[in-house]
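Descriptive analysis of the structure
Listed below, chain by chain, are the residues.
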Amino acid sequence: MGFARTCSVALVGVEGVVVEVQADLEPGVAAFTLVGLPDKSLSESRDRVRAAVVNSGADWPQKKLTVGLSPASVPKGGSGFDLAVACAVLGAAERIDPRELADLVMIGELGLDGRVRPVRGILPAVLAAAEAGYQQVVVPEQTAAEASLVPGISVLGVRSLRQLIAVLTDAPVPEEEPAEEGRPDPMLAGLVVPGAGVGTGLSADADTTPPDLADVAGQRGARTALEVAAAGGHHLMLHGPPGAGKTMLAERLPGILPSLTRQESLEVTAIHSVAGILPPGKPLVRKAPYCAPHHSATMQSLVGGGNGLPRPGAVSLAHRGVLFLDEAPEFTGKALDSLRQPLEAGHVVIARSAGVVRLPARFLMVLAANPCPCGRHTLHGAGCECAPSAIRRYQARLSGPLLDRVDLRVEAEPVRREDLLAQGGRGESTAVVADRVLAARERATARLQGTPWTTNSEIPGHELRTRWLAAPGALAAAERDMERGLLTARGLDRVLRVAWTVADLCGHDRPDENHIGLALELRTGISRGTPVPVGGAG
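Here is what the cut-offs are and how they apply
- Residues numbered from 1 in each chain as written.
- Predicted model: local features only at pLDDT ≥ 70, side-chain atom pairs only at ≥ 80, totals over all residues.
- Heavy atoms only, no water.
- Helix = DSSP H or I, 4+ residues; strand = E, 2+ residues; numbered from the N terminus.
- Buried < 20%, exposed > 50% of the residue type's maximum accessible area, 1.4 Å probe, protein only.
- Pairing = 2+ DSSP bridges.
- Contact = heavy atoms within 4.5 Å.
- Axes fitted to C-alpha atoms, helices over the stretch in contact; angles between N-to-C directions.
- Parallel < 35°, antiparallel > 145°, perpendicular 65-115°, else oblique.
- Left-handed = near helix turned anticlockwise from the far one by under 90°.
- Phe/Tyr/Trp six-rings, centres within 6.5 Å; stacked < 30°, edge-to-face > 60°.

**Observations regarding unusual backbone geometry**
- In this structure, the amide linkage connecting Ser-70 to the following residue, Pro-71, adopts the cis form with an omega of 10 degrees.
- Here Pro-71 lies in the loop between strand 4 (64-70) and helix 3 (82-92).
- With a phi close to 65 degrees, Leu-37 is a non-glycine residue in the positive phi region.
- If you trace the backbone, Leu-37 turns up in the loop between strand 3 (31-35) and helix 1 (40-43).
- By relative accessible area, which is 47% here, Leu-37 ends up partly exposed.
- Positive phi values are uncommon outside glycine, yet Glu-327 reaches one of about 50 degrees.

**What about the pairing of strand 3?**
- In strand 3, alternate side chains face the same way, and those of Phe-32 and Leu-34 are buried while those of Ala-31, Thr-33 and Val-35 on the opposite face are not.
- As paired elements, strand 3 and strand 4 share 5 bridges and run parallel to each other. The residue bridging Phe-32 from the neighbouring strand is Leu-65, located in strand 4.

**Details of the environment of Gly-233**
- As for its position among the elements, Gly-233 is in the loop between helix 8 (220-232) and strand 10 (236-239).
- On a C-alpha basis, the gap between Gly-233 and Ala-489 in space is 20 Å, while along the polypeptide they are 256 residues apart.
- Other than its neighbours up to four places away in sequence, Gly-233 contacts Val-228, Leu-364, Arg-441 and Ser-457.

**Describing the packing of helix 21 (residues 489-506) against helix 22 (residues 513-524)**
- At a minimum axis separation of 8 Å, helix 21 and helix 22 run at an interaxial angle of 125 degrees. With respect to each other, helix 21 and helix 22 are oriented oblique. Of the two possible hands of crossing, helix 21 and helix 22 adopt the one that is right-handed. Between helix 21, through Gly-491, Arg-494, Val-495, Leu-496, Val-498, Ala-499, Val-502, Ala-503 and Cys-506, and helix 22, the contact on the second element is made entirely by His-515, Ile-516, Leu-518, Ala-519, Leu-520, Leu-522 and Arg-523.

**Details of the packing of aromatic side chains**
- According to the stated counting rule, one finds 3 aromatic pairs in the structure shown.
- Ring centres 5.6 Å apart and planes at 45 degrees place the aromatic pair Phe-32 and Trp-60 in the tilted group. Highlighted residues: Phe-32 in strand 3 and Trp-60 in the loop between helix 2 (45-55) and strand 4, separated in sequence by 28 residues. Side by side, Phe-32 and Trp-60 carry an identical accessibility label, which is buried.
- Summarising the aromatic geometry, the rings of Trp-453 and Trp-468 are spaced 6.4 Å apart at their centres and angled 80 degrees between planes, so their arrangement reads as edge-to-face. Note that Trp-453 is positioned in the loop between helix 18 (430-447) and helix 19 (461-466) and Trp-468 in the loop between helix 19 and helix 20 (476-483), a separation of 15 residues in sequence. Across the pair, Trp-468 and Trp-453 agree in class, each one buried.

Here it is, written out as structure tokens:
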């Protein structure tokens, strides 16, 4: 009787669980039993592993073989266990020294010819292995760069099972024929899911020029709101007639956001790796992602779902970036209201019969909406024929609790002829605004040092009212609005957060009356005659 064990990783959402793969050989009729709550794709690994071992030049043991995946209570799926199962079987058959396998974590799919194919979710899997104390992982060669992003862990990238057997037995490592130059590598098929990244704003071409904010004509108030949203991480709503530039503004928001920190990059890369939208050859996402789902999107596609354990939805793909909902009233009420919890918590918890999954979802939401079904309600002389009841129903599709979580509500004015055709009248470029946003973020980070928060939008209202106080008398207008019922308690907290962001953009130590006034104007959409203190935006 022979026994061997090694390890692999099962993904639950975007978190990994280290799984011990055990192989046991005993006398009896030749059979292969796989236990441990495997799904259909994992159950089929019995045939893939047998063919891969034989075609790699090793003998398949003609005994009763049982492979167990422990802990058995964790659902396991996918083809990433193939490599670990094959090595555990070879260890039990004494083709490989079992002691060489015990401390290794192996992730990879096996082809029938023994080649090791890459799988999705390598980064979160290796992160889970490192957190569990493992120091060595074996992954497909194409994903070795992604696995190497995890510090303190040794990564071995292999192209075939033959190579891995040679490494573990101290034999000469055979050379594998590389893919022909100029032809697509068939080994990468399945690593990126076709269509999964549509609308995310990720491009496989690093030289793609991002859209410039200077291309937007006019819209001084909306540009100010965009800058404030980027500096403090505040949610934004743009409403106005078609063609005013709402979508153009939203598409340029990721360009003025600061680059992701190392920890944020790892979080975003892990999500995109699991979702199958990580561009090949670019293992680390350094820029804020941008996700713009179509208004026909279901609730499951927004917050996450799918058969079995839920997969990341749009709110998770937009983690640390921008989620843009164009034509927001056209989304179903069920889909929009499902955003309430992730907007507050920064994550989404999805309970299904297969288990409960927690997915990160800290994003900056931008809503764009027309004033009425035809879009011409606010245009003078444009001939809007929508009935008042139709306009009320259209605007009521965005529920009050959802809008209460939106810090900035701005009217996108129709573009004037002189703004559109004026020579030399272009607004500030993305680079200029991004520098101001970065400086404001740095001021907020320095102020919040030693706390769990990094941006003004994350600070609890109690802390703002007791620890970081505004200038004396600055809150008088906000207090009057609250007494009149124009502001809720949550709304007052959000006005304070926006005011702190405006103060950071202006280089002030704390908000004064003008900063509070602008925050109220951006919150309520009611002009108060407040001068715009944000430099260069007004």
